[in-house]
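Per-entry structural report
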Amino acid sequence: MTKQENTLLLVDGNSVAFRAFFALQNVGSFTNHDGLHTNAVYVFKKILDNILKKYSPTNVLVAFDAGKTTFRTKKYSDYKAGRAKTPGELSEQLPYVRKLLAAYGIKDYELADYEADDIIGTLSRQGEAKGYRVVVVTGDRDLTQLTTDQTTVSVTQKGFSEVEEYTPAHVQEKYGLVPRQIIDMKGLAGDNSDNYPGVTKVGEKTAIKLLKKYDSVEGVYEHIDDMKQSKMKEHLIEDKDTAFLCKDLATIKTDAPLTLGLEDTKRQELNETKLRSFYEELDFKSFLKELTGEDPDATKKFNEIEITLLDESQLKKVPAAPKGPVAFYLEIDGKNYHSAPFIGFVLKIDGQYFGARDVQLLKEEPLKQILTDPKIKMDVFDSKRTFVGLNRLGLEMTAVDFDLLLVSYLLNNTENSDDLGELAGLHGFDQVKTDEQFYGKGAKREIPSDDKKLFAHLSHKAAAIADLKSQLFAELKDNQQQDLYDEMELPLALVLAKMEIAGITVDTDRLEQMQSEFKERLAQVKQEIFNEAGEEFNINSPKQLGHILFEKLELPVIKKTKTGYSTAVSVLEKLRGMSPIVDNILVYRQISKLQSTYIEGLLKVVFDKDQKVHTRYTQTLTATGRLSSVDPNLQNIPVRLEEGRKIRQAFVPSHPGWQIFSADYSQIELRVLAHISGDEHMQEAFKSDRDIHANTAMQIFGLDSEDEVTPNIRRQAKAVNFGIVYGISDYGLSQNIGITRKQAKKFIDTYFEKFPGVKKYMDDIVSHAREEGFVETIFHRRRYLPDIKHKNYNVRSFAERTAMNSPIQGSAADIIKVAMINMDKKLAEKKMKTKMLLQVHDELIFEVPNEELKEFEDLVKNVMDSAVDLNVPLKVECAHGKTWFNAK
DNA sequence: GCGATCACG
DNA sequence: ACGTACGTGATCGCT
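Residues numbered from 1 in each chain as written. Chains lettered and ligands numbered in written order. Predicted model: local features only at pLDDT ≥ 70, side-chain atom pairs only at ≥ 80, totals over all residues. Heavy atoms only, no water.

1. Thoughts on the UniProt feature "domain: DNA-directed DNA polymerase family A palm" (unreviewed entry) in chain A
Test applied: UniProt positions are given in the numbering used here, feature names are shortened, and annotations may be inferred rather than shown by experiment. Strands are runs of DSSP state E lasting at least 2 residues, helices are runs of H or I lasting at least 4, and numbering of each runs from the N terminus.
Annotation from UniProt places "domain: DNA-directed DNA polymerase family A palm" (unreviewed entry) at residues 644-852. Structurally, residues 644-852 comprises 58% helix and 13% strand, and the distance from its first C-alpha atom to its last is 30 Å.

2. Re the protein's contact with DNA strand C
The following threshold applies: In these notes, residues near a molecule or strand are those with any non-hydrogen atom within 4 Å of it. Two N or O atoms form a polar contact when they lie within 3.5 Å of each other; inside protein one atom must be a possible hydrogen donor and the other a possible acceptor, and for residues adjacent in sequence the pair counts only when both atoms belong to side chains. Just so you know the grouping, Ala, Val, Leu, Ile, Met, Phe, Trp, Tyr, Cys and Pro go in nonpolar, Asp, Glu, Lys and Arg go in charged, and all remaining residues, Gly too, go in polar.
Lining the immediate surroundings of DNA strand C are 36 residues, of which Ser-541, Ser-628, Asn-633, Gly-723 and Asn-794 lie closest. Close to the protein, within 4 Å, the atoms of DNA strand C belong to sugar or phosphate groups at a rate of 61%. Ser-729 is positioned with one of its side-chain polar atoms (N or O) 3.3 Å from a base oxygen of DNA strand C. Take Arg-783: an N or O atom from its side chain is 2.9 Å from a phosphate oxygen of DNA strand C. When residues of the surface near DNA strand C are traced back to their parent elements, those giving at least two are helix H23 (542-552), helix H25 (580-604), strand S18 (628-630), helix H30 (711-726), helix H31 (730-737) and helix H34 (793-829). Per-element tally for the surface near DNA strand C: the top contributor is H34, with seven residues. Partitioning the surface near DNA strand C into residue classes produces 10 nonpolar, 19 polar and seven charged.

3. Thoughts on the protein's contact with DNA strand B
Looking at DNA strand B, there are 22 residues lining it, with Arg-589, Lys-593, Val-639, Arg-640 and Asp-842 nearest. Near the protein, within 4 Å, the atoms of DNA strand B are sugar or phosphate in 74% of cases. With respect to DNA strand B, the side chain of Lys-593 contributes an N or O atom lying 2.8 Å from a base oxygen. Between DNA strand B and Asp-842, the relevant distance is 2.5 Å, taken from a sugar or linking oxygen to a side-chain nitrogen or oxygen of the residue. Looking at which element gives the most residues to the surface near DNA strand B, the answer is H25, with three residues. When the residues that make up the surface near DNA strand B are grouped by side-chain class, the tally is eight nonpolar, eight polar and six charged.

4. Things to note about the domain arrangement of chain A
Spelled out, the test is: Domain segmentation is taken from an automatic or database assignment of domains. Throughout, a contact is declared for two residues whenever any of their heavy atoms are within 4.5 Å. Accessible area that two parts lose when put together, evaluated with a 1.4 Å probe and summed over both, is termed the buried area.
According to the domain assignment, chain A contains domain 1 (1-176 + 261-293), domain 2 (180-251), domain 3 (298-503) and domain 4 (505-613 + 622-652). Centre-to-centre, using C-alpha coordinates, domain 3 lies 41 Å away from domain 4. Across the contact, nine residues belong to domain 3 and 10 residues belong to domain 4. Overall, the association of domain 3 and domain 4 removes approximately 650 Å² of surface from exposure, summing both partners, and the carbon and sulfur fraction of that is 47%.

5. What to know about helix H35 (residues 853-865)
We count it as follows: By this rule, a helix spans an expected 1.5 Å times one less than how many residues it contains. Categorising residues by exposure relies on relative accessible area from a 1.4 Å probe, with only protein chains included: less than 20% of the type maximum marks a residue as buried, more than 50% marks it as exposed, and the intermediate range marks it as partly exposed. Each direction from the helix axis to a C-beta atom contributes to the arc, which is the arc of those directions.
In this model, H35 (13 residues) spans 18 Å end to end at C-alpha, consistent with the 18 Å of a helix rising 1.5 Å per residue. Where H35 is concerned, the buried positions are Leu-853, Phe-856, Leu-859, Val-860, Val-863 and Met-864. Buried residues in H35, looked at end-on, bunch into an arc of 120°, giving them a common side. Exposed side of H35, more than 90 degrees from the buried face: Lys-854 and Asn-862 are the residues found there. Its buried side turned inward, H35 meets strand S20 (658-665), H34, strand S24 (843-849) and strand S25 (876-881).

Okay, here's the thing in structure tokens:
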């Protein structure tokens, strides 16, 4: 498109302000220091910025309605009657919207007896006559009647950073009408929101049908005699006058007697001084910062927050019935909040700060009540950590509203820090030091003994939580991620906290027994390796091992790494048979991995007091929305090889007569792919519960019956399915199943021919990523892909594969999260003793008393199956036994 | 502190 | 012709 010189932007002020108000209703605390509501002004400003940036207009005018009575009410007294009154919280903001416009150098205008629509209609025609490109911005679809080749009507959407652009072609597509017929449609069908009726029993659908045949209201009545006898015909005849009146009401004036002209709409320069004092008046800190590039609080010093340090005698100073939300920050000295010592806490209650080092005070009133009362909403950083910390004190935090860590993660998981200071800084609040800056790191790390110093840091953390709440909630809402937060991540945090606290019991005797067995075998194999090598060396050192294999024994070099020879399994496997040392090294590797990571590593993290391990799930780390597990990682306990699988014998129920129960989603990622791609063949395979890999095999090898699928063919097809999920490349596939690139490419091409829906999804998702800069899951979890337009092929290709994979992996992660929340709820409702212990991406592990086994199996299948309604069924497979090993 | 390796989905 | 499958965490040796 060639760039035109002059663009005239016409904004329907009332309608956009109305949309803005409802876009951010009941979100955070959107009032300034005088109690003035500011949500509509805030969003109006955001929308304005978006459209100014998008269209770079030379001329701008924002039109407002002048009052209740207009020429339309004179023609038809019920026009817009019965409309709910504009809420006071909105009308009080309209003068401030105008103030904002004035500071922006934008003209606003209203005209007695006319609506904003008519001002816009008139100016748009004047603009067209002068050769302007005209853009109308409104929340009201009626204005689409103004679209022409020169005039675009942009209707604001639910989220406030998007608009739907109506051109004549888009109107055609949406309604099947040309723009001027919109008024004929309104005439026949009427308009509920403007309170005019149209013809009885004629709605949009019927109106469109009539107009396609007869072109206009006039056309309909010219041909009324040709119409077959029907109820509709009777209604049309009866309501003829109404139809013409309504068409007239719907018609936007293009000749209103304006007292200003195009030359008055020229955009003036933005007045920074005015804008600054305006933002200050409304307490728009983030906008102030964007304006000046500095923080409005920058002049404040850290110790300027006044805080009351509490002891027993001071507790009565704390307001027992907070009026607003309470910000709470609990500091724990170290990552592992299950065991690390407490440092102190800070509360911000109704503008006042309270704190203490002695966390035992939290058990005293009124603090206990504030923390545990479900009616008092808490704002925190990391609700899971906070919940576990309070649980150690015997307190149960029940009501969290805002979790700064979780919300930050949902908004942008590429900048994923878990440091409050760093995250606050990313969102424009840079008055909190990072923990590393404040406490120091490594050997220099130290908790200040000076109260003033310590509580300056902690109170600023609470300040950041309180301060960022409304801004970040607004961004969530704009991304349509409010539900993802309210219904998924926030409740999940508490479910995870309970699982972590429950822990899983470890049979340390069994581990120690394995430890001595492995020790013996390792010594044996080690000796054989040294004999074969003719010298002693450190087998664990890739460098020393490389020297022995490739220099001393002169085995062929298969692959190199940056630092030398590669000795990875894939390489050693190719060297098998050339020297007996290779097999021994493979055995040594396998056993020593089990020994160091799983036997010794696990024994180190078992808690003495309960013989359990209490992992921590990282809820805000992965780019796709999966969880991860640390300290210990219980999501990578060996299972593929029998030898390692035995480690699972050491995971046992916490009570005798209980069972370990495992429930896993079968093929969840491929089912998700079948759902989001809409591919018919793939959906059909799942709907008839076929073996999906065999099904793929039949398709890509052109087989007629499942009998022809040999194990090897099925294995290859399975690899193709995996490849598809990962964003396939021929080389990757060829490496994985040991075929040539050419063959791999053929498999892929055939696959896409047989599953065209999948092919289309892959193409569409990549172009979506290019256009929007991100991809999302079925629950609106986002992943930004800045590299999608990178000029380097490799970098770009990687981003493209990520675009294909993330919605699949991420949606699967979303689904099991929903299942976990529902499961937790059901177990509580039914007062069952069964406990959910672990999540391993597509499976859940429980411990179940024998007497609940039967009921539980039905329950878990049911809950997991119905976590989400996809176009294909979900399938859950269950197993149980007296150890995790036996739950297979 | 980083790369190589290998455990999992 | 590019260089190569998606997402993680723990351990080791070596700088």
